[in-house]
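# Structure at a glance
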Amino acid sequence: MKTQGRRLYALISALTLTGCAVNGDPRDPLEPMNRAVHSFNDVVDHVALKPLATGYRAALPRPAQIAVSNAFSNLDDVSVLANDLLQFKAEQAASDFLRLAFNTGFGVFGLVDVASEMGLKKHDEDFGQTLGRWGLGSGPYLVLPIFGPSSFRDGAGLVVDGTYADPVYRKGAVASRNAGVALRIVSRRADLIEAKQAIEEAALDSYEFSRDFYLDRRAAQVYDGRPPRLE
């Protein structure tokens, strides 16, 4: 009886594992590799990024943190404006140009977000969204080391944005460029401390939560909040 019980248990386990493999998310054919990179990123976050972000918060007054975040947001608007134009979003491009001009000129190079106070909404466009707007599918889900959730399309878009449209990365001196990139990473991680902690406490599987949230959000961004229905 014990032998038969073991065989039955083994059969049920095999069928369960087979079912999981068959019913896996078709958007994520690279799941084993992606999970490994996700775990690596979690280790880097807990060992380096989170402690740095926590120290950054403790050392810098809140108004100064907001000013740093605003300045990087203003620099990001250069890439946003470029992708507005590539997507032929003329009205949004005009709004983002004014936003960039007002924050740079009257907001002390973006340290103060005067544009939002004037009703000029912050937009979020990148080359991955531009490719999606042109009809290129996202391709398989892909977790990048350090950068986190992405896809084949969005990974290519990240390279283009970083190479051609990112004022921080395009700084001439390597030392100042690296310092700017590092400060931006720490600043953004500091802004996400509570959100990241809430996800870790609430999500049964942080990998699945991150993947589903990212893919749904990207679809909404590409289609301006109106993604096509999946049949």
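As the structure is a computational prediction, the values presented were derived from the model and not from experiment. (Residues numbered from 1 in each chain as written. Predicted model: local features only at pLDDT ≥ 70, side-chain atom pairs only at ≥ 80, totals over all residues. Heavy atoms only, no water.)

### Considering the overall build of the protein chain
The secondary structure content of the protein chain amounts to 10 helices and 2 strands. Sorting the 231 residues of the protein chain into buried and exposed places 32% on the buried side. Intrachain contacts of the protein chain at a sequence separation of at least 6 include 67% that bridge at least 24 residues. Just so you have it, the protein chain exposes about 14300 Å², and 67% of that area is on carbon and sulfur atoms. (Helix = DSSP H or I, 4+ residues; strand = E, 2+ residues; numbered from the N terminus. Buried < 20%, exposed > 50% of the residue type's maximum accessible area, 1.4 Å probe, protein only. Contact = heavy atoms within 4.5 Å. Areas by Shrake-Rupley, 256 points an atom, 1.4 Å probe, with all protein chains shown as cover.)

### With respect to the packing of aromatic side chains
Inspection of the entire model under this criterion finds 5 aromatic pairs. Ring centres of Phe127 and Trp134 lie 6.0 Å apart, and the angle between their planes is 90°; this geometry places the pair in the edge-to-face category. Residue Trp134 is classed as partly exposed on the basis of its relative accessible area of 49%. Look at Phe209 and Phe213: their rings are 6.3 Å apart centre to centre, the planes differ by 0°, and that puts the pair in the stacked class. Here Phe213 and Phe209 lie together in helix H10 (residues 206-222), a separation of 4 residues that amounts to about one turn. Taking the relative accessible area as the measure of exposure, Phe209 reaches 39% and is therefore partly exposed. Looking at Phe213, the relative accessible area reads 53%, which means it is exposed. Pairwise contacts between aromatic rings join Tyr141, Tyr207 and Tyr214 into one cluster. (Phe/Tyr/Trp six-rings, centres within 6.5 Å; stacked < 30°, edge-to-face > 60°.)

### Here's the deal with a nonpolar patch on the surface
On the surface, Phe40, Ile146, Phe147 and Leu158 cluster together to form a nonpolar patch covering roughly 420 Å² of accessible area. Summarising the element assignment, Phe40 is placed in helix H2 (residues 31-59). (Patch = residues over 30% accessible without salt bridge, like charges linked within 9 Å, V, L, I, M, F, W, Y side chains within 5 Å. Salt bridge = Lys/Arg side-chain N within 4 Å of Asp/Glu carboxyl O.)

### A look at unusual backbone geometry
Within the chain, Val108 stands out as a residue other than glycine whose phi angle is a positive 55°. Within the secondary structure, Val108 is located in the loop between helix H4 (90-105) and helix H5 (114-117). When its relative accessible area of 47% is taken as the criterion, Val108 is described as partly exposed. The phi angle at Phe109 is positive, at roughly 60°, despite the residue not being glycine. Locating Phe109 in the fold gives a position in the loop between H4 and H5.

### Side note on the packing of H2 against helix H8 (residues 174-191)
Their axes nearest at 8 Å, the elements H2 and H8 cross at an angle of 80°. Between H2 and H8, the crossing angle belongs to the class labelled roughly perpendicular. Here Asp45, Leu49, Lys50, Leu52, Ala53, Tyr56 and Arg57 of H2 come into contact with H8, specifically with Leu183, Ile185, Val186, Ser187, Arg189 and Ala190. Counted by class, the contact of H2 with H8 contains 8 nonpolar, 1 polar and 4 charged residues. (Axes fitted to C-alpha atoms, helices over the stretch in contact; angles between N-to-C directions. Parallel < 35°, antiparallel > 145°, perpendicular 65-115°, else oblique. Nonpolar A, V, L, I, M, F, W, Y, C, P; charged D, E, K, R; others polar.)

### Structural notes on the confidence of the model for the protein chain
Do not read the predicted coordinates in detail wherever pLDDT is low. Overall, the prediction assigns the protein chain a mean pLDDT of 88, with 88% of residues at 70 or greater. Least confident of the elements in the protein chain is helix H1 (residues 2-22), whose mean pLDDT is 42; most confident is strand S1 (residues 141-144), at 98. Taken as a whole, residues 1-22 scores under 50 in pLDDT and shows 0 contacts with residues more than four places along the chain or in a different chain. (pLDDT = per-residue confidence, 0-100.)

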